[in-house]
Amino acid sequence: ADGPAPATPDTVHAGYAPWLEGAVEQFGRFTNRQIEGRFRVFLAEAYLRLGRLDEARRSGADGLEMCRATGFAYGTGLGERALGEVSLAAGRLDEAATHLGRARELFAGMGSRHEVTRTTLALAALAHARGEAAQATRLLEAARVAFQARGMPARGARAEGLARAWAPHAGDAGARPS
């Protein structure tokens, strides 16, 4: 296939990285650290999609710090979630749990149900990585229901797709005979 894969509704497209790098450079010339922090977090997500974990961690940490320093709670939640996803990709599961827990708490505290639900998907991935199949299934179902209730069928379908992909198959060690 030509070009990058299409973006999923829950991610920043990896192909956005060059554009985001330019945007971060431009924002660095101004004094709006709140927006610069948010774009650094978006760049971290793009680097993550490209597998550039060291750059993702640096950009996410810088963005998170900028958002915290300016009192930008929403951006802080985005930064925590991004660093949680980077930590998860790096196999740092305890670190991922800390960041994702903080993100969920921040979003819940501000009443951002959409971002709580997006973070729930990341928490499901963490549970899956820890081998906690029942917990991953519960989290995916909660996300699916929440997305469907908000009229977001594509995001609900993403949760369904992950549930199918992570389900034990016949012959797997975790599968029970019928």
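Everything numeric in this text was worked out from a predicted model, so none of it was measured.

Another aspect to go through is the overall build of the protein chain. Helices and strands together make up the secondary structure of the protein chain, namely eight helices and zero strands. From first element to last, N terminus to C terminus, the protein chain shows the α and β order α-α-α-α-α-α-α-α. Evaluated residue by residue, the protein chain yields a buried proportion of 39% over its 178 residues. Sequence separation of 24 or more characterises 52% of the internal contacts of the protein chain that already satisfy a separation of 6 or more.

Turning to the side chain of Glu-80, a few remarks are in order. Looking at where Glu-80 falls in the secondary structure, it is placed in helix α4 (residues 73-89). Dropping the residues within four chain positions of it, Glu-80 is found in contact with Leu-64, Arg-68, His-99, Leu-100, Arg-102, Ala-103 and Leu-106.

This next bit is on helix α5 (residues 93-109). Compared with an ideal rise of 1.5 Å per residue, which puts 17 residues at 24 Å, α5 spans 24 Å between its outermost C-alpha atoms and is within 8% of the ideal. Of the residues making up α5, those classed as buried are Ala-96, His-99, Leu-100, Ala-103 and Phe-107. Buried residues of α5, seen end-on, are gathered within an arc of 95° and therefore sit on one face of the element. What points out from α5, more than 90 degrees from its buried face, is the exposed set Asp-94, Glu-105 and Gly-109. Each element contacted by the buried residues of α5 is listed here: α4 and α6 (113-129). Immediately downstream of α5, the backbone of Gly-111 shows phi near 75°, a positive value.

Looking now at the packing of aromatic side chains. Across all of its chains, the model carries three aromatic pairs by this definition. The structure contains a cluster of three or more aromatic residues connected by ring pairs, namely Phe-72, Tyr-74 and Phe-107.

In this structure the tally under the stated criterion is 12 salt bridges. With a shortest N-O distance of 4.0 Å, Asp-62 and Arg-40 are connected by a salt bridge. Of the two residues, Asp-62 sits in helix α3 (residues 53-69) while Arg-40 sits in helix α2 (residues 33-50), which places them 22 residues apart along the sequence. For Arg-81, the salt bridge goes to Glu-115, with nearest N and O atoms at 2.8 Å. One end of the pair, Arg-81, is in helix α4; the other, Glu-115, is in helix α6, with 34 residues separating them in the sequence. The class for Glu-115 is buried, based on a relative accessible area of 5%.

Rules behind the numbers
Throughout this description, residue numbers start from 1 for each chain and increase along the sequence as written. Local features are withheld for residues below a pLDDT of 70 in this predicted model, meaning they are given only at 70 or higher, and side-chain atom pairs are given and counted only at 80 or more; totals for whole chains, interfaces and linings count all residues. Calculated side-chain values reflect all of the structure's heavy atoms, with hydrogen atoms and water omitted. In this description a helix means any DSSP run of H or I spanning at least four residues, a strand means any run of E spanning at least two, and both kinds are numbered starting from the N terminus. Only protein chains enter the accessibility calculation, which uses a 1.4 Å probe; a residue whose area is less than 20% of its type maximum is buried, one above 50% is exposed, and one in between is partly exposed. Residues count as neighbours in contact if any of their non-hydrogen atoms are within 4.5 Å of one another. Multiplying 1.5 Å by the helix residue count minus one yields the expected span of that helix. Of all possible arcs, the one meant is that of the directions from the helix axis to the C-beta atoms. Centre distance within 6.5 Å is the pairing criterion for rings of Phe, Tyr and Trp, where only the six-membered ring of Trp is used; planes under 30 degrees apart are then read as stacked, over 60 as edge-to-face, and the remainder as tilted. Any Lys or Arg side-chain nitrogen found within 4 Å of a carboxyl oxygen on Asp or Glu counts as a salt bridge.

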